[in-house]
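Chain residues, written in single-letter form:
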Amino acid sequence: MKVDYIIVGCGLAGISICEQLRRNGRSFVVFDNDSQHASTVAAGMYNPVILKRFTEVWDAQLQLDIAMPFYAELEQLLQSTLIYPYPIYRRFSSVKEQNTWFEACDKPALENFLATQLINNSFECIDAPFSFGEVKQAGRVDTNALIEGYKAYLKSNNSLITTGFDFENLQHSKGGVIVNDIQANKIVFAEGYGVKSNPFFGDLPLKEAKGELMLIHAPDLKIDVIVKSSVFIIPEGNDHYSVGATYNWSDKSVQTTDAAKEELQTKLEKFLKCDYTVVEQYAGIRPTVVDRRPLLGRHNSHSNLYVLNGLGTRGVMLGPLMGQHLYNFMEKHIDLPEAINIRRFS
Ligand SMILES: Cc1cc2nc3c(=O)[nH]c(=O)nc-3n(C[C@H](O)[C@H](O)[C@H](O)COP(=O)(O)OP(=O)(O)OC[C@H]3O[C@@H](n4cnc5c(N)ncnc54)[C@H](O)[C@@H]3O)c2cc1C
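Computed from a prediction, not measured in an experiment: that's the story for all the values here.

About the cut-offs
- Residues numbered from 1 in each chain as written.
- Predicted model: local features only at pLDDT ≥ 70, side-chain atom pairs only at ≥ 80, totals over all residues.
- Helix = DSSP H or I, 4+ residues; strand = E, 2+ residues; numbered from the N terminus.
- Rg over C-alpha atoms; globule rule 2.2 N^0.38 Å.
- Buried ≥ 20, exposed ≤ 12 C-beta atoms within 10 Å, placed from the backbone.
- Contact = placed C-beta atoms within 7 Å.
- Domains from an automatic or database assignment.
- Nonpolar A, V, L, I, M, F, W, Y, C, P; charged D, E, K, R; others polar.
- Near = placed C-beta within 6 Å.
- Expected span 1.5 Å × (residues − 1).
- Core = buried A, V, L, I, M, F, W, Y, C linked by C-beta atoms within 7 Å.
- Pairing = 2+ DSSP bridges.
- Axes fitted to C-alpha atoms, helices over the stretch in contact; angles between N-to-C directions.

Draft legend 1. The arrangement of the overall build of the protein in detail. When helices and strands are counted, the protein shows seven helices and 20 strands. Computed over the C-alpha atoms, the radius of gyration of the protein is 21 Å, within 12% of the 20 Å expected from 2.2 N^0.38 for a compact globule of 346 residues. Dimensions along the principal axes, computed over C-alpha positions, put the protein at roughly 65 × 40 × 40 Å. Counting across all 346 residues of the protein, residues that qualify as buried make up 40%. The contacts in the protein between residues at least 6 apart in sequence include a share of 72% that link residues at least 24 apart.

And the structure:
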């Protein structure tokens, strides 16, 4: 088989580059062995504001402007609803926080994202004596539906290989690579935290940030916004909500833990005032980078090998723009911005 590209990884990073290739008429096959789950377990939230400090996410408007049409086109391709716009209600814990919010509203970079009017609490099941601040242009992408749908789409085109990518079978040929019986011009590695076992890009400065979240059933809660306090509550439909997430910088296992469940429940019960049951618990490893910028680029000595990684805690918003940058670099020879180029670590 001859293709233009081999992609390793079918998470948010892999799909972001696959879609650039598909939309530009390039052929490709994808390897994915279901070994990492960050994209499938993600809460899928897109949120242009850092809600701890009330500052703008890096390049937030540009990321949203690329990401929203990107997922809308995928909804058409996969015939599935993926985008669920919801405002985020940031619960204030003091008057001081309200004041910091008002100061943030005056910053030009945030004026499209923060509503200046406080929202008084009308939810019976949420305790919020200091009201909420509303973040606009936010919501949730159903990443689980996206990954499942995309894999089914690839499978129906005979473009998905569900075994692990075996580096021993990789041969470098003139003008390309050969893997088993597949000849390709280029390979893009998008393995998330799995890149640690990659002999070509495994030494990139990726830091694991394990995250866990719970799916709860809370029939009395009845909210149709995302509430952010010390944890998020995100509507999932049918009285189900995601609650998360934890951050653990030392545990590299992909199993869920009782400690994370207890942490989430303790934080949740500080402001949730109705009964609920925990239906499921999920865990995944976020591929984060020391300087909080993605990792894109070409291998130093093997010019047909590329990487797209480091989407960190914000793969939903970041992925589509990064896919576009990498495509432009590989196909149009447009330099990658220095802030995201792996060269910055060489
Ligand atoms: C609990 C939690 C909540 C999160 N919530 C959000 C959120 O609300 N919003 C947001 O934007 N982001 C969120 N994130 C972060 C987001 O999940 C990541 O930024 C994103 O999923 C990273 O995507 P990725 O494709 O790089 O990695 P992954 O999703 O890990 O995908 C890598 C893929 O590569 C495959 N793979 C790896 N090695 C190989 C190999 N050798 N051969 C074949 N296949 C291989 C894996 O099976 C996997 O499918 C969350 C993460 C976690 C853990």
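After that view, the rundown keeps rolling.
Draft legend 2. Spotlight on the domain arrangement of the protein. Assigned domains of the protein: these are domain 1 (2-42 + 144-205 + 291-345) and domain 2 (85-140 + 207-289). Spacing between the C-alpha centres of domain 1 and domain 2 amounts to 31 Å. Taken together, the 18 residues of domain 1 in the interface contact 11 residues of domain 2. Residues that form the side of domain 1 that touches domain 2 fall into these classes: eight nonpolar, seven polar and three charged.

Draft legend 3. Spatial organisation of the site of the ligand. The environment of the ligand is made up of 43 residues, and the closest members are Gly9, Gly11, Gly192, Gly194 and Gly315. Of all the secondary structure elements, the ones that give two or more residues to the shell around the ligand are α1 (12-23), α2 (38-41), β14 (206-217), β18 (277-289) and α7 (315-332). Split into classes, the residues belonging to the shell around the ligand amount to 19 nonpolar, 18 polar and six charged. In this structure, the shell around the ligand is formed jointly by two domains, domain 1 (2-42 + 144-205 + 291-345) and domain 2 (85-140 + 207-289), each of which donates at least three residues.

Draft legend 4. Local environment of α7. Between its first and last C-alpha, α7 extends 24 Å over 18 residues, near the 26 Å set by a 1.5 Å rise per residue. Directly beyond the C-terminal end of α7, a positive phi value near 60° is found at histidine 333.

Draft legend 5. Up close: the nonpolar core. One finds Ile6, Ile7, Val188 and Val243 to be the most contacted residues of the largest nonpolar core, which totals 93 residues. With eight residues, α7 is the single largest residue contributor to this core. When residues of this core are assigned to domains, at least three fall in each of domain 1 (2-42 + 144-205 + 291-345) and domain 2 (85-140 + 207-289). If sequence neighbours within four positions are ignored, isoleucine 6 has contacts with Phe28, Val29, Phe31, Val179, Ile182, Ala184 and Ile187.

Draft legend 6. Highlighting the sheet that holds strand β3 (residues 45-46). The strand order β3-β9-β6 describes an open sheet built from three strands, whose pairing is antiparallel. Strands at the two margins of the open sheet, each flanked by one partner only, are β3 and β6 (83-85). Where β3 and strand β9 (residues 139-141) come together, two bridges link them in antiparallel fashion. Following the sheet pairing, tyrosine 46 is matched in β9 by glycine 139.

Draft legend 7. Summary view of the sheet that holds strand β8 (residues 132-135). Judged by pairing direction, the sheet is mixed, and its seven strands sit side by side in the order β8-β7-β15-β16-β17-β14-β18 without closing on themselves. Edge strands, defined here as strands with exactly one partner in the open sheet, are β8 and β18. Strand-to-strand twist of the sheet, defined as the mean angle between neighbouring strand axes without regard to direction, takes the value 25°. Relative to strand β15 (residues 226-228), strand β7 (residues 88-91) runs parallel, the two sharing three bridges. Of the residues in β15, the one forming a bridge with arginine 90 is lysine 228.

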